[in-house]
Amino acid sequence: HILSGALGCSLSGFSFETLRLTVLFWSAVSLVSTWFLVRQVGATLGLRVLTVLLIAINPLFFSLSNSFMTDITGLALSTFAVLEFANFFRTKLQLHWWLALLALVLSVLTRQAMLVTGLGFAITYIAFNKRSFKNFAVAFSPLLISGVAFVMWQFFIERTFGPVFGVVADAQYFKQCLMGFPLI
């Protein structure tokens, strides 16, 4: 998310409009991914248009598309991951699995809640394939890899910037913050 904002600002200079445009780009990615995902299910043209319009005019989606927050970026990457996982189911091409894995890791690094996409893939893959060690490895590796990437990122942030930015902050730090606050 930050990288896409920095890329947009490097091309046209820093402004809130530039940041807003980067999120609008991710909104478009999300809508296009949804279009192709619904098409893969076999939906008619009318149903595809209706699905994409319902998402686009959703007040939450619409308002978040006009702000530089991570929700839309995470959704776009997660939707693209689901699309690529669906392509992998259909074609069994490793390229789709790797693209889905990359999108999943990036979506988890953007919004941690997107781990559920990897869990959904694991459950679906196990449900529709023979139970074997290889299939379990294929099913759970995206969830495991994205989870490990997230934990490694948190360790990196905590080691680089200290506990203020890390996930784990001890009680002593919070006590110091509260005691330093003028009203307490």
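Below: a short report on this structure. As the structure is a prediction and not an experimental result, all values here were calculated from the model.

1. With respect to the pattern of salt bridges
Then, number 1: In this structure the tally under the stated criterion is two salt bridges.
Then, number 2: Here Glu17 and Arg20 are joined by a salt bridge, their closest N and O atoms 2.6 Å apart. A residue pair is termed a helical-turn pair when its members lie 3 or 4 positions apart in one helix, as Glu17 and Arg20 do in helix H2 (residues 16-41) at three residues.
Then, number 3: With relative accessibility at 28%, the residue Arg20 sits in the partly exposed group.
Then, number 4: Asp71 serves as the salt-bridge partner of Arg111, at 3.2 Å between the closest nitrogen and oxygen. Here the residue Arg111 occupies a position in the loop between helix H6 (94-110) and helix H7 (115-128), and Asp71 occupies one in helix H5 (residues 70-91), the gap between them amounting to 40 residues.
Then, number 5: Here Asp71 falls in the partly exposed class, since its relative accessible area comes to 22%.

What counts and what doesn't
- Residues numbered from 1 in each chain as written.
- Predicted model: local features only at pLDDT ≥ 70, side-chain atom pairs only at ≥ 80, totals over all residues.
- Heavy atoms only, no water.
- Salt bridge = Lys/Arg side-chain N within 4 Å of Asp/Glu carboxyl O.
- Helix = DSSP H or I, 4+ residues; strand = E, 2+ residues; numbered from the N terminus.
- Buried < 20%, exposed > 50% of the residue type's maximum accessible area, 1.4 Å probe, protein only.

Bear in mind that shape data such as this cannot, by itself, settle questions of function.
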